[in-house]
Amino acid sequence: MGRPIESLEALAGDVSLRRYFRVRMEGSSRVVAAYPESLRTACERWLLTDRLLTAAGVRTPRVLATDCDAGFMLLEDLGSATLQDRANGDDPAFGRWLEAAVEACDRIRELDRDAV
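Not measured: the values here are computed from a predicted model.

K.L.:
Explanation requested: the layout of surface pockets in the structure shown.
P.N.:
Rolled over the atoms, a probe with the dimensions of a water molecule shows which regions are left empty. Quantified by volume, the largest pocket comes out at close to 1200 Å³. If you go around the largest pocket, you meet 32 residues; those closest to its centre are Arg-59, Pro-61, Leu-78, Gly-79 and Ala-81. Of all the secondary-structure elements, those providing two or more residues to the lining of the largest pocket are strand E2 (19-25), strand E3 (28-34), helix H1 (40-55), strand E5 (72-76), helix H2 (83-87) and helix H3 (94-109). The greatest single-element share of the lining of the largest pocket, amounting to six residues, is contributed by H3.

Here it is as structure tokens:
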């Protein structure tokens, strides 16, 4: 990254042992996904999944760097607001976000099963 880290914040994870951290640097932030040794193959699978989803036009956090052997992936930080957060506020863009989510579901449903 070439810039000093200002802060490191643990983020809510998923149901696996993978962990996520937001790394803040001057003027930007990134997300680090940390894969324990028992999940290192999931790192490679995510890269394949990302390519498949991107080719289908489904927006995913951009992968900036990986070292799956060491168990790390550096991702674009899309922020902390979820669709649920937007639903609970007065965000005028909520309808557009919801439509985009439904469109993404449609694109995922159209993926070739053999490719998946």
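K.L.:
What am I meant to see in the pattern of salt bridges here?
P.N.:
Pairs can form between side chains of opposite charge once their charged atoms are near each other. Applying the stated criterion to the full structure yields five salt bridges. Across the salt bridge formed by Glu-9 and Arg-22, the nearest N and O atoms sit 3.7 Å from each other. Of the two residues, Glu-9 sits in strand E1 (residues 5-11) while Arg-22 sits in strand E2, which places them 13 residues apart along the sequence. Taking the relative accessible area as the measure of exposure, Arg-22 reaches 5% and is therefore buried. Where Glu-76 meets Arg-59, a salt bridge forms, and the shortest distance between an N and an O atom there is 2.9 Å. You can see Glu-76 sitting in strand E5 and its partner Arg-59 sitting in the loop between H1 and strand E4 (63-67), a full 17 residues away along the chain. A relative accessible area of 55% places Arg-59 in the exposed class. Connected via shared salt-bridge partners are Glu-9, Arg-22, Arg-24 and Asp-77.

K.L.:
So what exactly am I meant to see when it comes to the side chain of Thr-60 here?
P.N.:
The residue Thr-60 is located in the loop between H1 and E4 in this model. Reaching out from Thr-60, the side chain makes a polar contact with the side chain of Asp-50 at a distance of 2.4 Å.

K.L.:
How do you make sense of the side chain of Arg-22 when you look at a structure like this?
P.N.:
In terms of polar contacts, Arg-22 uses its side chain to reach the backbone carbonyl oxygen of Gly-79, at 3.5 Å. Residues within four places of Arg-22 in sequence aside, it is in contact with Ser-7, Leu-8, Glu-9, Leu-11, Ser-29, Arg-30, Asp-77, Gly-79 and Ser-80.

K.L.:
Please clarify how the environment of Thr-60 should be interpreted in this entry.
P.N.:
When its relative accessible area of 9% is taken as the criterion, Thr-60 is described as buried. Sequence spacing of Thr-60 and Phe-72 is twelve residues, and the spatial spacing of their C-alpha atoms is 17 Å. Those residues within four positions of Thr-60 in sequence are excluded, and the remaining contacts are Trp-46, Asp-50, Leu-53, Thr-54 and Glu-76.

K.L.:
Honestly, the sheet that holds E3 in this entry has me stumped. Any pointers?
P.N.:
The five strands lie next to each other as E1-E2-E3-E5-E4, forming an open sheet whose pairing is antiparallel. Both edges of this open sheet fall to E1 and E4, since each of them pairs with a single strand only. On average, each strand axis in the sheet is tilted by 20 degrees relative to the strand beside it, whichever way the strands run. Sheet topology note: the E4/E5 ladder contains four bridges and is antiparallel. When the bridges of E5 are listed, Thr-66 appears paired with Met-73. The sheet contacts of H1 involve E4 and E5, and relative to E5 the element is tilted by about 30 degrees.

Each value, and the rule that gives it
Residues numbered from 1 in each chain as written. Predicted model: local features only at pLDDT ≥ 70, side-chain atom pairs only at ≥ 80, totals over all residues. Heavy atoms only, no water. 1 Å grid on protein atoms, 1.4 Å probe; cavity = no way out; pocket = protein on both sides within 12 Å on 5 of 7 lines; lining within 4 Å. Points joined across faces, edges and corners; volume = space filled by probe spheres on them. Helix = DSSP H or I, 4+ residues; strand = E, 2+ residues; numbered from the N terminus. Salt bridge = Lys/Arg side-chain N within 4 Å of Asp/Glu carboxyl O. Buried < 20%, exposed > 50% of the residue type's maximum accessible area, 1.4 Å probe, protein only. Polar contact = N/O pair within 3.5 Å; in protein donor to acceptor, adjacent residues only side chain to side chain. Contact = heavy atoms within 4.5 Å. Pairing = 2+ DSSP bridges. Axes fitted to C-alpha atoms, helices over the stretch in contact; angles between N-to-C directions.

Purely geometric numbers; function is a separate question.
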